[in-house]
Every structure is written in C-alpha cells, then in structure tokens.
Amino acid sequence: MAADRSFGRVDLVKLVAALFVIANHTGPLTSWNKEADFVLTGILSHLTVPFFFLASGFFFFRPAKDGTRNKPPVKRFLWRVGGLYALGLLLYLPVNLYTGHFGPGLTVGALLRDLFFGGTFYHLWYLPALLLGTATIYALRLRLRDRTILILAGALYAVGLFGDSYYGLSAKSGALSGFYAQLFDVFGQTRNGLFFAPLFIALGAYAGSQAGDAGREGDGGGRSARRYGGLFAASLALLLLEGTVLHRLGLPLHEDMYIALIPADYALFRLLTARSSRSRRRLRYMSTATYLLHPLVIILVRGAAELAGVQTIVVGNSFVFFAVVTALTLLIAAALAILALPKASRKPGGQRAWVEIDLARLDHNARALREALPEGTGLMAVVKANAYGHGAVGVAKRLYRGGVRHFAVAEIGEAVELRKAGVKGDILVLGYTPTERLAELIRWKLTQTVIHADDARRLQAHGGRFKVHVKIDTGMNRLGEQSGNDDEIRSMYRHSRLEVTGTYSHLAEADSLDPADIAFSRQQIDRFRRAVALVWSAGLDPGRLHLQSSYGILNFPDLEMDLARPGIALYGLLSSESDATRTRLDLRPVLALKASVSRVHPVKAGESVGYGRSFTAASDTMIATVAIGYADGIPRELSERGGSVLIHGRRAPIVGRICMDQLTVDVSGIPDVRQGDAATIIGEDGDERITAGEMAARTGTITNEIVCAMGMRAAKRFVPEAGRRPARKALAGLHALR
Ligand SMILES: *Cc1c(COP(=O)(O)O)cnc(C)c1O
C-alpha cells in the first residue's frame, strides 16, 4: 500500500539534487576543465528539476489506501506552494530592484510572463511551474486516464524540446521558427509549467499508482530495484550521448530539456521508491531551503569576498567558490530545519500512556462545520461519552470560547459534571433521566429531552419547572413521540410547568448516499417539518429546531434549521473513512494516543511472544514492549488484523496478543529503539500516520467506538499551543514542498 509507506531515499536524493543545482549556478569545474563542467552543469544537473517535479507529483497524487484514486487537497497545495513562491518573490525583490530587473521599460505583459513563467529570478521559475503543472495534471485527472494524460503531457514536452535543446532543428524551418518566435514572445522559454513540468508531474502520479505493486512482489521490492537500476544506468548513458551530440551540433538554444531525462528520472525515482525507507523530514526541508536560498548565498559570498579582498581565492577558483557556497547554504538550511521542525514523538514526562488533544484542530473543525451550514444555523456540540473520549470539560470550554453556546450529552451525570467544572451555555440531556434525578435538572439549569408524550406528563407531575426540548420520532424508532400522533405531539407543548425551548429529531441513515437511503432521510425531514408546522398552526412555539448530526451536516448541508448537532465530525473524524459524503470538509483529527516503550529485547527464530504463543518469530526479531493495552481502549483483535504502531516515524507491526496493559511490536527494521521512546498508536509521527479510522476499518467497527474507548485510563494531556507559534509555522512552510 503506497499510502502506508515512507520514502526517505527520495528525501536524501532531493538534497543531493539541490547541491547539483548549486553546481549548475556556480560551475565548480570551470577552472579545471570546461568540457567536464559542461557534462556536469549542461547535462547531468538537469536531472534534478524533473526529479523534483516527479517527487511532487508522486506525493501529491498518492492513491488512497485501497489503491483507488485519491482526491488530493489541491487548494491547500496551491496555497502552500503559492505562499512559498510569494516568499521567494519577496526574498529576491531587493536584488531584482538593485539590478534593475524591473526597469522603466517593464510592460504589463513582461511582468505577467515573469510571474507566471519566469519567476523573476533565475531559479524561481520552478515554483510557478510547479503550481501550473500540478493544476494542469489535477484538472486532466478529473476527466482522463493516466495513459491519456501521459500522452498529452508528452506531446507538450515535445513542443518544449524543439524550443530548447533541439531548437536548431526548428530554426531551419521558416514556419517552425515563426511559431517558436511567437511562443517565446508569450512564454519567454519553453522550460515552464506548461511544456516542461506536466510530463514529470504526471509521471510522478503514475509512479504512485504503480509503486504499490512493488512492495507486494514479495522480495521487498528487490526485483523492481534491479530492473529500474538497469534502466537508470542505460538512460544515463543515453542522456550523456544526447547532450554531447546536441552540443557538438550546436542545436540547443537552452540546455534544459532532453529526451533521455524522461526514462532516466522515472527509473531513478522508481529505484528509490522500490523499497520503503524512513522518511527524513529535515532533509526534505533542507533541500527546499537550499534550492530557495542558494542564489542569495552566491550574492553574499561574492560580496563578502570582494569586501575582504579574497576574490581570487574564493571566487576565482570555481571549486572553492562552489564549496563555500554549498557549505554556507547547507549550514543555513540545517539551522532553519532544526528550528522549524522539532523532533517528532517527544513525550510528556512521567506518563506510561497518554492522549494528546489538539484543541486548535477542534476550533478548526467547529469553524469548518459552521461554514458548511446556512448563515443562521448554529452548533450544538455533542460532547457525550466524555466528548467521544476527548475530555468533555476541556472540549466544551474551548468550544464555548469559540462562540458555541449549546451542548448535548447523553445523560444527566455527564451534564452535571460539565456544570460542576464551570461549563456555561445550554446543556441538553439527550436521553432519559430517572425520576429520582429530575431535581438536578433544575438545580444545574439543564435542558431535558421529552422522550414522548407520557414522559412530558411525568415531568409535569413532578412539580418543578423544567426547560425541555421535545423529540419527535421520524423513523429512527428509538426515542421521541411518533410523528403522526398529532394530538400527543401538541399535548407536549401545553404543560404549564414545561418550558419548551426546542424541538428535534434524529436521522437514521444520513451517512448513506444510496438513493433509497436518501429518500428515507428526505421522508424523515418531511415528517419533522410536518410536525413542526402542526405545532405552529396550533399557536404553539416549537423553539429552536435541530435535526442534523455530523452526517446530516455533510450530506444535507442546506437544511434551514436553528442548530445542528455534530459529534464525530467535531473531532475531525468520519465514522468510517471510506464513507463518501456530499460535502467534503477539511476535518482534522483532534486526538492522538501514545505510550512509552518499556523494554526492547531480541527474540530468536522459533521463539514465541505473549499469551497463547500466537506469534512465533520466523527469524531473529527485535521486540519492543509498549505500555498500553486493551484497558486503555485498544481493540484486542487489532494484532491479528495487521495493526501497527509508529516508532521513530516508522510502522512497527503489533505481534502477539494485546494484553490488558501492554502490547508487543516488531521493531527489527527500526534502529535505536530504546526504553522510554514514544510509540504512537493513533496519530502522526514524522510523515507516517495511523488514524482512528484505519484502526476501526481493521477491527470492523466505526471510529466513534474506537475513540470513545480511548483514555478511559490513559491520562489526558492537551497539546500546548506553544509549538504552533506563527513564526515556526511560517518557517515550517518550506516543508510543504515535497
Ligand atoms: C450522538 C448523537 C449525535 C451526534 O452524532 P454524530 O454522528 O457523532 O455527529 C447527534 N444527535 C443525537 C441525538 C445523538 O445521540
């Protein structure tokens, strides 16, 4: 499964590629041998940018876990890379102003060409090309198959080639040279987001759809590694030949685009992704920073050398110049990477196992849900079952601060707990409250659901004045007065001691887009509307109306109600990750579950691990014991269903049976695991992530059940906001490019 794997070798090679780009811009071998420098900077270094495009296409268009096409988050991508481009433009603006790049002769056309294609500074063209190329392939993938896209992108590349290193051939034909004269007028040169980037981005996307197979070949990808290694070597030879011949013949106008780059870069990429390897976020970050910053360092080094009067040594010798620029750039890039990306999987002191709750994400989800609803519809946050395992008090208080004034819980005990902790706003008890506890409703100013007409009579008979919401049963057949029992429905609003402030119902099948199920939901909606109309027409006030839970919001966002009652979606989850919904919101999981490694030890081939000896090591295996078990909410059957945890940003399969307080994982492939290291059971570590949805899918349940069971015992900890300071966030933006 491509989506489950990391490709650290790609990160490493990207950093090396960034050094080749520095070479391209400093010509390290010129002082020694012009021919050798041409081979390095005129041919080999051009492998780099297509490689960046390929990697970007691969990661952006990675298929979903089941191998189907994903709908990638295109808006986020465009924002992030667009932001990076804006940063680049700003960074080089002073230089451009100083050199008179935006001189008085600048036309609007030239400026637009510069922004969309040229990038205003010599290396920056990469970013608009990435934006344009990715948007192009994204649009094509909505309609066309991979193969058709590759042919189209290949045709564009061919047009590009004849305006680049094969231009000498075009120049010989009058019609062609006229065509290219016009093309250059619009684009400057053909190495851009239209003629150059799309092919490699499409190849990256294609590699993503193929890469899944490599891991399944059974030999850990060894066979495809050999195949692509051979293809890479052959293509490299072809590339050298192509570059040299074209150069000798004097055909190139620019030396950026070659035919052999296509197989060479594709083979190299497939070679590097044939096997999974630990992802290296900091290296990836450094390669982007290096790419972005090295021209600035070149200017600085030249300037400093001039000031210090050491030009002949530093700048005069091309190799020394390259080395100084490289060292300085890497130093800056490494410093930024360390500042921007704190080490993953740090643990809070003194905890065996813990739940991390990211309240900023809770805010984000509440905002996303509110924006999906009509203007006048507010949220009633469902915080029952300890806010689905997220900690009801912390969640409710945070949402209240964000403007949420209505909360719902399952039973009175939960409501009282919130009030005792100081939670303000309306709290609705969704379920039945026994007569013995009715007085507490008044004491704690809670709102009770009237479960049917007789229930209203029970409350009226009790004596106190109750605030209530009336529930109508429109087809769920769980709680509520049956829709259609018109007299009974009206009676609930006429009790002298009941103040009805709301009326609601619950949809039974809002999570399905199946036409029959949609028809059923529509019928429920109609029944609810009819009941409300009945109340109005009797001159009674139904109060605030609410009907939709999470899936009701996602699949019926246009309903005009006063409130909506999201639960699971507030926590950034869907009940099942594979559910299709009409509205797709950017929901972010709020909860992570982590635990400490308590022991790491080798087990010999043939030895068993754990209760029932259900796991026997096939070969010598390194086992880590993690201090968390089913008493902490981890489904016991997870071990037999391919479950794993993350340690040092990599997946460690769970082996042997899960115990009440401990579980064992195979860490043979992960070096340096020690006692006290953090293991992530749900959440992110480095580039890897395990979702509650994945765990639910493995164990045949819904995410709701998984998260509700979390942290019955594990101590809760709220993620401190300090790690999300804006400056650090901005710095971390460089990491967006992969
Ligand atoms: C639990 C519950 C909700 C919230 O449901 P989600 O699917 O988690 O959004 C809403 N309304 C009622 C009556 C519920 O019991």
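Cut-offs used in this document
Residues numbered from 1 in each chain as written. Predicted model: local features only at pLDDT ≥ 70, side-chain atom pairs only at ≥ 80, totals over all residues. Heavy atoms only, no water. UniProt positions renumbered as here; feature names shortened; annotations may be inferred. Helix = DSSP H or I, 4+ residues; strand = E, 2+ residues; numbered from the N terminus. Buried < 20%, exposed > 50% of the residue type's maximum accessible area, 1.4 Å probe, protein only. Areas by Shrake-Rupley, 256 points an atom, 1.4 Å probe, with all protein chains shown as cover. Near = heavy atom within 4 Å. Polar contact = N/O pair within 3.5 Å; in protein donor to acceptor, adjacent residues only side chain to side chain. Nonpolar A, V, L, I, M, F, W, Y, C, P; charged D, E, K, R; others polar. Axes fitted to C-alpha atoms, helices over the stretch in contact; angles between N-to-C directions. Parallel < 35°, antiparallel > 145°, perpendicular 65-115°, else oblique. Left-handed = near helix turned anticlockwise from the far one by under 90°. Contact = heavy atoms within 4.5 Å. 1 Å grid on protein atoms, 1.4 Å probe; cavity = no way out; pocket = protein on both sides within 12 Å on 5 of 7 lines; lining within 4 Å. Points joined across faces, edges and corners; volume = space filled by probe spheres on them. Core = buried A, V, L, I, M, F, W, Y, C linked by side-chain atoms within 4.5 Å. Domains from an automatic or database assignment. Phe/Tyr/Trp six-rings, centres within 6.5 Å; stacked < 30°, edge-to-face > 60°. pLDDT = per-residue confidence, 0-100. Salt bridge = Lys/Arg side-chain N within 4 Å of Asp/Glu carboxyl O. Patch = residues over 30% accessible without salt bridge, like charges linked within 9 Å, V, L, I, M, F, W, Y side chains within 5 Å. Pairing = 2+ DSSP bridges. Expected span 1.5 Å × (residues − 1). Arc of directions from axis to C-beta.

As annotated in an unreviewed UniProt entry, the protein is Alanine racemase from Paenibacillus artemisiicola. Database annotation for the protein, UniProt heading Subcellular location (unreviewed entry): "Membrane". In its Catalytic activity (unreviewed entry) section, the UniProt entry covering the protein states "L-alanine = D-alanine".

Now for the overall build of the protein. When you go through the protein residue by residue, the secondary structure sums to 27 helices and 20 strands. Each of the three principal axes of the protein carries a C-alpha extent, and together these read 100 × 70 × 55 Å. In the protein, buried positions account for 52% of the 738 residues. Element-wise, carbon and sulfur atoms account for 57% of the exposed surface of the protein, whose accessible area totals about 32200 Å².

Right, let's get into the site of the ligand. Val-382, Lys-384, Tyr-388, Leu-430, Arg-478, His-506, Ser-549, Ser-550, Arg-565, Pro-566, Gly-567 and Ile-568 make up every residue found near the ligand. Between the ligand and the protein, one listed contact pairs a nitrogen atom with a side-chain N or O atom of His-506 at 3.5 Å. A distance of 2.8 Å separates an oxygen atom of the ligand from a polar atom in the backbone of Gly-567. In the complex, 90% of the free accessible area of the ligand, which totals 390 Å², lies under the protein chains. By residue class, the composition of the shell around the ligand is five nonpolar, four polar and three charged.

Here the focus is the packing of helix α3 (residues 48–60) against helix α6 (residues 126–143). Interaxial distance between α3 and α6 falls to 11 Å at its minimum, and their mutual angle equals 40 degrees. Put simply, α3 runs oblique to α6. As α3 runs across α6, the sense of the crossing is right-handed. Contacts between α3 and α6 involve Val-49, Phe-52, Phe-53, Ser-56 and Phe-60 on the former and, on the latter, Tyr-126, Ala-129, Leu-130, Thr-134 and Tyr-138. Its residues placed into classes, the contact of α3 with α6 shows eight nonpolar, two polar and no charged.

Let us now look at the side chain of Asn-555. Of note, Asn-555 is situated in helix α24 (residues 550–555). A polar contact of 2.6 Å, which involves the side chain of Asn-555, links it to the backbone oxygen of Ala-510. Dropping the residues within four chain positions of it, Asn-555 is found in contact with Ala-510, Asp-511, Ser-512, Leu-513, Ala-580, Thr-581 and Arg-582.

Moving on: empty space enclosed by the protein. Under the defined criterion, the tally for this structure stands at two cavities of 30 Å³ or more. For the second largest cavity, the calculated volume is near 30 Å³. Residue lining of the second largest cavity: Leu-638, Gly-643, Ser-644, Ile-690, Glu-694, Met-695 and Arg-698, and that is the complete set. With three residues, the top contributor of residues to the lining of the second largest cavity is helix α25 (residues 692–699). Partitioned by chemical class, the residues of the lining of the second largest cavity number three nonpolar, two polar and two charged.

Residues Val-383, Ile-647 and Val-665 are the most contacted members of the largest nonpolar core, which totals 106 residues. If you tally residues by element for this core, the top one is helix α23 (residues 515–537), at six residues. There are two domains that each give this core at least three residues, and those are domain 2 (359–571) and domain 3 (591–721). Ignoring sequence-local partners within four residues, the contact set of Ile-647 consists of Val-597, Ala-652, Val-665, Val-667, Ile-670, Val-673, Ala-678, Ala-679 and Asp-685. Of all hydrophobic cores here, the second largest spans 78 residues; its members include Tyr-92, Leu-150, Leu-246 and Leu-283.

Think of a pair of aromatic rings as described by two things: how far the centres are apart, and how the planes are tilted against each other in angle. Evaluation of the coordinates by the stated rule reveals 31 aromatic pairs. Between Tyr-167 and Tyr-180 the ring centres are 6.3 Å apart and the planes differ by 90 degrees, which places this aromatic pair in the edge-to-face class. In this pair, Tyr-167 is assigned in helix α8 (residues 167–171) and Tyr-180 in helix α9 (residues 174–187), connecting sequence segments 13 residues apart. In this pair, the class of Tyr-167 matches that of Tyr-180, namely buried.

Our next topic: the confidence of the model for the protein. Residues of the protein with pLDDT of at least 70 account for 93%, and the chain-wide mean is 90. Every residue in residues 214–218 scores below 50 in pLDDT, and together they form eight contacts with partners more than four places removed in sequence or on other chains.

Next up on the list: the pattern of salt bridges. Scanning the entire structure with this criterion turns up 22 salt bridges. The partner of Arg-361 in a salt bridge is Glu-684, with the nearest N and O atoms 3.4 Å apart. With Arg-361 in helix α16 (residues 359–372) and Glu-684 in strand β18 (residues 678–685), this pair connects stretches of sequence that are 323 residues apart. A relative accessible area of 35% means that Glu-684 is categorised as partly exposed. Its salt-bridge partner being Arg-437, residue Glu-440 comes within 3.0 Å of it at the nearest N-O pair. A relative accessible area of 23% places Glu-440 in the partly exposed class. The exposure class assigned to Arg-437 is partly exposed, which follows from its relative accessible area of 29%. Each of Asp-358, Arg-361, Glu-684 and Arg-689 takes part in salt bridges that share partners, so that together they form one network.

Let's shift gears to a nonpolar patch on the surface. On the surface, Leu-106, Val-108, Leu-111, Leu-112, Leu-115 and Phe-116 cluster together into a nonpolar patch covering about 520 Å² of accessible area. Assignment of secondary structure puts Leu-112 in helix α5 (residues 108–118). Residue classification places Leu-112 among the partly exposed positions, given a relative accessible area of 44%.

Pairing of strand β1 (residues 353–357) with strand β11 (residues 591–603) involves five bridges; the strand directions are antiparallel. Considered in β11, the bridge of Val-355 is made with Leu-593. Strand direction decides the pairing type here: β11 and strand β14 (residues 621–626), joined by six bridges, are antiparallel. Bridged to Val-603 within β14 is Thr-621.

The next subject is helix α7 (residues 146–161). Think of an α-helix as turning once every 3.6 residues; residues three or four places apart then point the same way. Its 16 residues place the ends of α7 22 Å apart at the C-alpha level, agreeing with the 22 Å of an ideal helix rising 1.5 Å per residue. Listed as buried for α7 are Asp-146, Ile-149, Leu-150, Ala-153, Tyr-157, Gly-160 and Leu-161. Buried residues of α7, seen end-on, are gathered within an arc of 115 degrees and therefore sit on one face of the element. Of the exposed residues in α7, those oriented more than 90 degrees away from the buried face are Arg-147 and Ile-151.

On to the environment of Ser-287. Along the chain, the position of Ser-287 falls in helix α13 (residues 281–308). Setting aside anything within four residues of it in sequence, one finds Ser-287 in contact with Lys-14, Leu-15 and Ala-18.

On to the UniProt feature "active site" (unreviewed entry) in the protein. The UniProt record annotates "active site" (unreviewed entry) at Lys-384 and Tyr-611. A stretch of 228 residues holds the annotated residues, and the largest C-alpha distance among them is 35.2 Å, long enough that they do not meet in one place. On the secondary structure map, Lys-384 appears in helix α17 (residues 384–389). In this structure Lys-384 touches Ala-408, Val-409, Ala-410, Glu-414 and Leu-430, once residues within four positions along its chain are discounted. Summarising the element assignment, Tyr-611 is placed in the loop between β12 (608–609) and β13 (615–616). What makes Tyr-611 exposed here is its relative accessible area of 59%. For Tyr-611, the residues in contact, after removing those within four places along its chain, are Arg-657 and Cys-659.

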